[in-house]
Amino acid sequence: MTGLQTSVRSLTAACSMTSRLEWFALSVQPRQEEAVARSLRSRGLEEYVPIYSGRRRLFPGFVFCRFNYQNRQAVLETPGVLSIVSPTESVSPIADEEVARIRMILASGLPVKPHNFLWFGQQVEITRGPLAGLEGFLLRKHDDFQVVVGVEALQRSVAVEINHEMVRAIEGAPHAHMARLFLTA
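Please read these numbers as outputs of a predicted model, since none were measured by experiment.

Asks: Break down helix H4 (residues 96-107) for me, citing the residues and quoting the values.
Replies: The end-to-end C-alpha distance of H4, which contains twelve residues, comes to 16 Å, matching closely the 16 Å that a straight helix rising 1.5 Å per residue would cover. Looking only at H4, the buried set comprises Glu98, Val99, Ile102 and Ile105. All buried residues of H4 lie within an arc of 125 degrees about the axis, which places them on one face of the element. Residues of H4 that are exposed and point over 90 degrees away from its buried face: Glu97 and Ala107. Two residues or fewer after H4 comes Gly109, characterised by a positive phi angle close to 80 degrees.

Asks: Can you tell me about the sheet that holds strand S6 (residues 81-85), naming the residues and giving the values?
Replies: Read from one edge to the other, the open sheet built from four strands follows the order S2-S5-S1-S6, with strand pairing classed as antiparallel. Every interior strand has two partners, whereas the edge strands, strand S2 (46-48) and S6, have only one. Between one strand axis and the next, the sheet turns by 35 degrees as a mean value, whatever way the strands run. One ladder, built from six bridges, connects strand S1 (residues 22-28) with strand S5 (residues 62-67); its direction is antiparallel. Within S5, the residue paired with Trp23 across the bridge is Arg66. Lying on the sheet, helix H2 (residues 33-42) is in contact with S1, S2, S5 and S6; it crosses S5 at an angle near 10 degrees.

Asks: Kindly report on the pairing of strand S9 (residues 135-141), identifying the contributing residues and their values.
Replies: Inspection of the sheet shows strand S8 (residues 122-126) paired to S9 by four bridges, in the antiparallel sense. Across the sheet, residue Glu125 finds its bridge partner in S9, namely Glu135. As judged from the five bridges shared by S9 and strand S10 (residues 144-151), these two strands associate in the antiparallel manner. Residue pairing across strands places Arg140 opposite Phe145, the latter belonging to S10.

Asks: An account of the side chain of Glu33 is needed here, citing residue identities and associated values.
Replies: Within the fold, Glu33 resides in helix H2. What makes Glu33 buried here is its relative accessible area of 2%. Side-chain polar atoms of Glu33 contact the side chain of Arg57, separated by 2.9 Å. Every residue in contact with Glu33, bar those within four places of it in the chain, is listed here: Val28, Val49, Arg57, Pro60, Gly61, Phe62 and Val63.

Analysis parameters
Per chain, residues are indexed from 1 in the order of the written sequence. Owing to the predicted nature of the model, reporting of local features is limited to residues with pLDDT of at least 70; listing and counting of side-chain atom pairs is limited to 80 or more, with chain, interface and lining totals taken over all residues. In computing side-chain properties, one takes all heavy atoms of the structure into account and sets aside hydrogens as well as water. Secondary structure elements follow DSSP: runs of H or I no shorter than four residues count as helices, runs of E no shorter than two count as strands, and numbering proceeds from the N terminus. Expected span, for any helix, means 1.5 Å times one less than how many residues it has. Categorising residues by exposure relies on relative accessible area from a 1.4 Å probe, with only protein chains included: less than 20% of the type maximum marks a residue as buried, more than 50% marks it as exposed, and the intermediate range marks it as partly exposed. In this description, the arc belongs to the directions extending from the helix axis to the C-beta atoms. DSSP-based pairing: two strands are paired if at least 2 bridges between them are found. Interaxial angles span 0 to 180 degrees and are taken between N-to-C directions of axes, which are lines fitted to C-alpha atoms, for helices over the stretch in contact. The contact rule is simple, with two residues in contact once any of their heavy atoms fall within 4.5 Å. By the criterion applied in these results, polar contacts are pairs of N or O atoms within 3.5 Å in which, for protein atoms, one can donate a hydrogen and the other can accept it, and in which residues neighboring in sequence qualify only through two side-chain atoms.

Printed below as a string of structure tokens:
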């Protein structure tokens, strides 16, 4: 391969990377999630407003949207959009897997609710049921068990109620030994 061919391939790969559609969280005006979502959809953009328990928003004040960051001005000019959210000073996209996990949790039919963002805890994997393969932090309140999964960009989480027999401690994770004891108690 010649140097020119290598340069063309590198440039083509770089262009395809920059034109990639990625998920971002948008901060929106209070109670304007649905209106913003409709407006984004009418512009041909993919949007997502996670809803639970009928019509309650899982993350009030936020809308997920998939777009090319280079074309962000059109998104920012959408009525009701305040900003693109990021946990750091430089805006970074939300991994497709994070959005897919939220969708999977809501589609499972299991009871869910918003939860504070967790930085650490007993890491577990759900081994059975509609959420098999999902990883998160285990919470126990009396005889109720929940697995908490976070969206780092929003610094928010969702808790899903599960049966303790559906989870196993992730080996090698911090607190794995405690999780085994905790689950057998």
